[in-house]
Structure formats: C-alpha cells, structure tokens
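# Coordinate analysis (summary)
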Amino acid sequence: MTIRTRLTLAFLAILLLFSASVFVYFFGDAQRESSVEALRQAIDRQVLLASIVQELHDTQRQVTLLGQIATEASPAAPDEISRFEARVDGIRAQIERLRGMGNAANARQFDELMSVFDDLSASWKTFYRDFGVRHANGITELAIGAEPLGHEPVQQVDAALVV
C-alpha cells in the first residue's frame, strides 16, 4: 500500500469519525431539548396545580367562614357577588388550562374533575347569592352541596396528574 492510499484511508476514517461525532452531538442535543421541554411542561403543570389547589382551599375557607357568620351578616353587595363569581370562574379556567396541558390518558379524569367542580361552583354561587338574604336556603346549600364536594376537586386533581 502506498503512502497516498494510506493517507486517503486515514483521511476517510477521520472524516467518518467526525461525521459520527456530529451525528451523536445533534442526536443528543435533540434528546436534551425534548427532555428540557418535558421538564418545563411538568413544572408549569405543578405551578398551575398549586395555584388551583390554593384557590380551592381559599374559596372553601371563605364560604365556610361566611356560613358560620351568616346569621349576623348583611346581604352581599352585587359587586361582591360578581367578584366571587369571577374568582370561581377563574378557578374553572385554570382547571381547563390544566386539562389542556394533560395528555389523552387522563382526559377522562379531567372531565370528571370539571363535572365535580361545576357542581361545587354552582353550590358556592348559590350560597353566596343567598348569603344574608335567604339564610335557610344558603345554609342548606352549604351543608348539602358545598361541604360534601369541598375536598373532592383537590383529590381529583392529584389523581389526574398521577396517571
């Protein structure tokens, strides 16, 4: 074998190894990028989940406290009612956004969560509208509707994200 042939083979071997190195680099970069994106989405879901859970707890506490003082309270003003309803609708929008971040495997669980939250929010809104006006109706709605459903949405959010 001549030196020229050896140099050509060595050059081709180096070129082949360089090509393999570039391929591995770009393949690893694509894998790393997809892993970072999956991590970012998981963090976004966890932040949104924490926000939803906090809002649910805060609203549940507010309704419970109002139910305890309802005998002495004056009716809620229309702007207070609209703020409360906007807050509850905001929680629903966050749950819908969380559902959009999920996958098809847990879509059914998010649908169940949305159904339970719709029942709970309707009960909360009814109680808030009756607050200080129709005391018996408000307390009945709180005891029969809101209290039993109060902790179920948080449990369902946790179950939906486990899948």
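Check the entry above for the structure.
This write-up is about the structure you can find in this document. (Residues numbered from 1 in each chain as written. Predicted model: local features only at pLDDT ≥ 70, side-chain atom pairs only at ≥ 80, totals over all residues. Heavy atoms only, no water.)

## Description of the overall build of the chain
Within the chain, the regular secondary structure consists of five helices and zero strands. Element order for the chain, N to C, with α for helix and β for strand: α-α-α-α-α. Taking 2.2 N^0.38 as the reference for a compact globule, 163 residues should give roughly 15 Å; the C-alpha atoms of the chain span a radius of gyration of 28 Å, well beyond that estimate. Each of the three principal axes of the chain carries a C-alpha extent, and together these read 105 × 30 × 20 Å. The buried share of the chain, reckoned over its 163 residues, is 28%. In the chain, of all internal contacts separated by at least 6 residues, the share reaching a separation of at least 24 is 79%. As presented, the chain carries roughly 10300 Å² of accessible surface, and 61% of it is formed by carbon and sulfur atoms. Here the chain holds 15 positive side-chain charges and 21 negative ones, and the gap between their average locations is 13 Å. (Helix = DSSP H or I, 4+ residues; strand = E, 2+ residues; numbered from the N terminus. Rg over C-alpha atoms; globule rule 2.2 N^0.38 Å. Buried < 20%, exposed > 50% of the residue type's maximum accessible area, 1.4 Å probe, protein only. Contact = heavy atoms within 4.5 Å. Areas by Shrake-Rupley, 256 points an atom, 1.4 Å probe, with all protein chains shown as cover. Lys, Arg positive; Asp, Glu negative; His and termini not counted. Charge placed at Lys NZ, Arg CZ, Asp CG, Glu CD.)

## A few points about the packing of aromatic side chains
The description of two aromatic rings rests on the distance between their centres and on the angle between their planes. Under the counting rule described, the total for this entry stands at four aromatic pairs. Judged by centre distance (6.4 Å) and plane angle (85°), the rings of F117 and W124 are edge-to-face. No difference in accessibility class separates F117 from W124, as the two residues are buried. (Phe/Tyr/Trp six-rings, centres within 6.5 Å; stacked < 30°, edge-to-face > 60°.)

## Quick look at the side chain of T59
Structurally, T59 can be placed in helix α1 (residues 3-69). Here T59 falls in the buried class, since its relative accessible area comes to 0%. Polar contacts involving the side chain of T59 include one to the main-chain carbonyl oxygen of E55, which spans 2.8 Å. (Polar contact = N/O pair within 3.5 Å; in protein donor to acceptor, adjacent residues only side chain to side chain.)

## Quick notes on the pattern of salt bridges
Within this structure, the stated rule accounts for 12 salt bridges. Put simply, R40 and E37 hold a salt bridge, and the shortest N to O gap is 2.5 Å. Taken together, the residues span about one helical turn, with R40 and E37 both in helix α1 at a distance of three residues. Among the salt bridges present, the one from R83 reaches D79, with a minimum N-O distance of 3.6 Å. On the criterion of helical spacing, the pair formed by R83 and D79 is a turn pair, its members being four residues apart in helix α2 (residues 78-101). Accessibility expressed as a relative area gives 41% for D79, which makes it partly exposed. A network of salt bridges, in which partner residues are shared, links E37, R40 and D44. (Salt bridge = Lys/Arg side-chain N within 4 Å of Asp/Glu carboxyl O.)

## Side note on the nonpolar core
Ranked by size, the top nonpolar core spans 25 residues in total, and within it I95, F117 and W124 carry the most contacts. Elements represented by at least two residues in this core include exactly α1, α2, α3 (107-130) and α4 (135-149). With nine residues, the top contributor of residues to this core is α3. If near-sequence neighbours (up to four positions away) are discounted, I95 is found in contact with I52, L113, M114 and F117. (Core = buried A, V, L, I, M, F, W, Y, C linked by side-chain atoms within 4.5 Å.)

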